[in-house]
Amino acid sequence: MKKIILSDSGPEISSSIYSFWRWINPADLALDRVKEIIEFNLQLGINTFDVSPTYGNGELSVLFGQAVKELGIPRKNIVLISKMGHRVLSISGAIQYTEWSEETLNRRVGDQLQLLGTNYLDVLLIDGYDPLVSVDELASTLKSLQIRGYIHHLGLSEFTTQQHQLLASRLPGDIVTNHIEFNLLNTRALEDGRIHFIKENYATPMAFSPLADGRIASGWDPLAVRVRAGLDLLTRKYQSNIEQLAVAWINKLGATPVIGSLSTDRIKNAATAENIELSHEDWHSLYQLTLQPAV
């Protein structure tokens, strides 16, 4: 798998990212299972992992750190991304809100580093804008974390263009990405200008749910059926399946797919999509299907 530079200031990552955000089944939260998925991704050339504090009810970070240690993977050979937000879903199902104070952010980053067994995060994603946040204080804390080497790069998750601009105006360095939902069944980030703004700042969008939670392959709503039919028409031409083509469509736009599936087949489909070069005509033919009104 080829490597790409996420922004002008780095880092170098694999052209697909694996995220553990779907690891919610207690049966999957086992060290051997985590090791298996890490090794499978590395064999495909994926060396970039999103391991965030809330994944697996907070257990995944410890399992990932243990797995990397037992597999003997040098820290320099993997890229670690962690996402932290001001909203936390409690076990009871209630949403709890965390103030982005200097003390809170320092503690949460420190805790995550300890759980992962590492000295730094390659990318910290600030997840979700809080209108109550002191942007100046948040920016100051982030700069301090970077200066001290705890985080090497800063990114965002699900920020609008205006929110992205506001935080960027307080930071001396680059925001290397915005982690957004983007796929053939959800193209809002293209229409509302987020993807254009990310590119304007020489950064790369991270596209999560590239297969639309499985709807592209098996959904029966009108949009899914229409898009799947369009993909089916191209499978013979490109000697590929519909999931590979759906991810190739994202790659063509210059976004990086974030793979969240536990299925090795789907992981492989997404990872091998980089070998498919859709023509401009075929890319636009698929995009037009997403813009048609529902029947």
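In what follows, the structure referred to is the one given above.
Procedures and definitions
- Residues numbered from 1 in each chain as written.
- Predicted model: local features only at pLDDT ≥ 70, side-chain atom pairs only at ≥ 80, totals over all residues.
- Heavy atoms only, no water.
- Helix = DSSP H or I, 4+ residues; strand = E, 2+ residues; numbered from the N terminus.
- Buried < 20%, exposed > 50% of the residue type's maximum accessible area, 1.4 Å probe, protein only.
- Core = buried A, V, L, I, M, F, W, Y, C linked by side-chain atoms within 4.5 Å.
- Contact = heavy atoms within 4.5 Å.

1. A short note on unusual backbone geometry
With an omega of -5 degrees, the peptide bond running from Gly10 to Pro11 counts as cis. As for its position among the elements, Pro11 is in the loop between strand S1 (3–5) and strand S2 (12–14). Even without a glycine there, the phi angle at Asn57 is positive, about 55 degrees. Within the fold, Asn57 resides in the loop between strand S4 (48–50) and helix H2 (60–71). By relative accessible area, Asn57 is classed as exposed at 67%. Backbone geometry at Glu158 places phi at a positive 60 degrees, although glycine is not the residue there. Residue placement: Glu158 occurs in the loop between strand S9 (151–157) and helix H5 (161–168). Overall, Glu158 belongs to the partly exposed group, its relative accessible area being 36%.

2. Digging into the environment of Phe20
Assignment of secondary structure puts Phe20 in the loop between strand S3 (17–19) and helix H1 (31–44). Under the relative-accessibility criterion, Phe20 is labelled buried at 0%. Along the primary structure Phe20 and Ser52 are separated by 32 residues, whereas in three dimensions their C-alpha atoms are 7.9 Å apart.

3. A few points about the nonpolar core
If you look at the biggest cluster of nonpolar residues, it comprises 81 residues, and the most contacted ones within it are Phe20 and Phe64. If one sorts the elements of this core by residue count, helix H10 (residues 242–252) sits on top with seven residues. Not counting chain neighbours up to four residues away, the residues in contact with Phe20 comprise Val34, Ile37, Ile38, Phe49, Asp50, Val51, Tyr55, Leu60 and Phe64. One finds Leu6, Ile81, Val176 and Val258 within the second-largest nonpolar core, a separate group that totals eleven residues.

So, to be careful, I would describe these as geometric facts and stop short of saying anything about function.
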